[in-house]
Amino acid sequence: MNQPIPTNLTLVSRNRSFGGWQSVYRHHSAVLDCEMNFGVYLPPQAETQSCPVLYWLSGLTCTEQNFISKAGAQQFAAQYGVIVVAPDTSPRGCNVPGEEDSWDLGTGAGFYLNATQMPWAKHYRMYDYVVSELPEAIAANFPVMAIRGIFGHSMGGYGALAIALKNPGMFKSVSAFSPIVTPSLVPWGQKAFQNYLGDNKSDWLAYDPMHLIKSAPERLPILLDQGDADQFLGEQLQPDVFAQACAEVNHPLTLRKQPGYDHSYYFIASFIGDHFAHHAAALAQPGF
């Protein structure tokens, strides 16, 4: 079945890619109270059957464009018959005081949580957007199975881990590139958590993968790729601390340190195929 363009979404762009279609849509988010863009890649298989869906969460300063134009994901999505959804990283155009003052807070830096502090609380609810509103919009408009995986990069890698750990049973697979795995302990996370969630550090732990892993009720195997030439490795990322937390509770983790690779999309594009293979093994259905 050749999928029609949804009428309740505004089509921003649509391009043929590896036998499928890479599109960007705009819709009104009630949760964020603003217009939001998201990318959707429909593989060739989606023309005749429903497919599993894989959510990608991008990092600081990114939009939906970074992943869909730089990662080289479409060829692997087509190979494995997986729909890939890539949302924006924050609300936009909400005129929240301070949202344009720095690159690591506000616009482009939603941190995939629900802000509780003013002036952020009304619009900065990316957790609810990614966990509830966006999947509902995808299910209503595209031929997706109720089988999902999630992955991301940097802030988005943190978001993928936190969301998967906070929602047991929602995802069949999870992975990350260069994730902020200990946000309560590093400057990026501390700045975001203090502004969005306030001074009570117990509230921070509800979104901290290193804390969440300690009581995770399911054991989704985690694939984590980290470049050893990443300029943010020591101060912001600290994968070894997370690996130790996983080891203490016997949570399955594959941490790969890739020699010479940095924090860029050159790194992501080099290993994106391995991540698709990781997810495809968990998402596989007869016929794929």
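What you see is a predicted model, and the numbers here were worked out from it, not measured in a lab. (Residues numbered from 1 in each chain as written. Predicted model: local features only at pLDDT ≥ 70, side-chain atom pairs only at ≥ 80, totals over all residues. Heavy atoms only, no water.)

S.K.: Where do I start with the overall build of the protein in this structure?
M.R.: Helices and strands together make up the secondary structure of the protein, namely ten helices and nine strands. Relative to a compact globule of 288 residues, whose C-alpha radius of gyration would be 19 Å, the protein shows 18 Å and is just as compact. Principal axes of the C-alpha set define a box for the protein whose edges measure 50 × 40 × 35 Å. In the protein, which comprises 288 residues, the share counted as buried stands at 57%. (Helix = DSSP H or I, 4+ residues; strand = E, 2+ residues; numbered from the N terminus. Rg over C-alpha atoms; globule rule 2.2 N^0.38 Å. Buried < 20%, exposed > 50% of the residue type's maximum accessible area, 1.4 Å probe, protein only.)

S.K.: Would you mind showing me how to read the pattern of salt bridges here?
M.R.: When the charged atoms of two side chains lie near each other, side chains of opposite charge can form a pair. Tallying each qualifying case throughout the model produces eight salt bridges. A salt bridge links R16 to E47, with the shortest nitrogen-to-oxygen separation between them at 3.5 Å. Of this pair, R16 sits in strand β1 (residues 10-17) while E47 sits in the loop between β3 (34-42) and β4 (51-57), and the two are 31 residues apart along the sequence. Under the relative-accessibility criterion, E47 is labelled partly exposed at 26%. Where salt bridges share partners, they join D225, R256 and D274 into one cluster. (Salt bridge = Lys/Arg side-chain N within 4 Å of Asp/Glu carboxyl O.)

S.K.: Would you mind showing me how to read the pairing of strand β2 (residues 20-29) here?
M.R.: On a regular strand, each side chain points to the face opposite its neighbour's, so the side chains alternate between the two faces of the sheet. When you tally the buried positions in β2, you get seven out of ten residues, the bulk of the element. Pairing analysis gives seven bridges linking β1 to β2, with the strands arranged antiparallel. Looking across to β2, one finds that R16 is bridged to W21. As paired strands, β2 and β3 are joined by nine bridges and run antiparallel to one another. (Pairing = 2+ DSSP bridges.)

S.K.: Mind showing me how you'd approach the sheet that holds β4 here?
M.R.: Whether parallel or antiparallel, the strands of a sheet pair through hydrogen bonds between backbone atoms. Pairing within the open sheet is mixed, and its nine strands lie in the order β1-β2-β3-β5-β4-β6-β7-β8-β9. Sheet topology places β1 and β9 (253-258) at the edges, where each strand pairs with a single neighbour. Strand-to-strand, the axes of this sheet are offset by a mean angle of 20°, without reference to chain direction. With respect to the sheet, helix α10 (residues 265-283) is in contact with β4, β5 (83-87), β6 (144-153), β7 (173-177), β8 (222-227) and β9, its orientation differing from that of β7 by roughly 170°. (Axes fitted to C-alpha atoms, helices over the stretch in contact; angles between N-to-C directions. Contact = heavy atoms within 4.5 Å.)

S.K.: Would you mind showing me how to read helix α4 (residues 155-166) here?
M.R.: Counting along an α-helix, one turn takes 3.6 residues, and residues three or four places apart therefore face a common direction. With twelve residues, α4 should reach 16 Å at 1.5 Å per residue; the first-to-last C-alpha distance of 16 Å fits that figure. The element α4 is largely enclosed, with a buried count of eleven among its twelve residues. All of the buried residues along α4 are M155, G156, G157, Y158, G159, A160, L161, A162, I163, A164 and L165. (Expected span 1.5 Å × (residues − 1).)

S.K.: Explain the pairing of β6 here, please?
M.R.: Most of β6 is tucked away, with seven of its ten residues classed as buried. When β4 meets β6, the two strands line up parallel, connected through six bridges. Looking at β6, one finds that C51 is bridged to V144. Looking at chain direction, β6 and β7 are connected through five bridges and run parallel. Counterpart to H153 in the pairing with β7 is F177. The parallel pair β6 and β7 is bridged by α4, and the resulting crossover is right-handed. (Right-handed = clockwise from strand over helix to strand, strands pointing away.)

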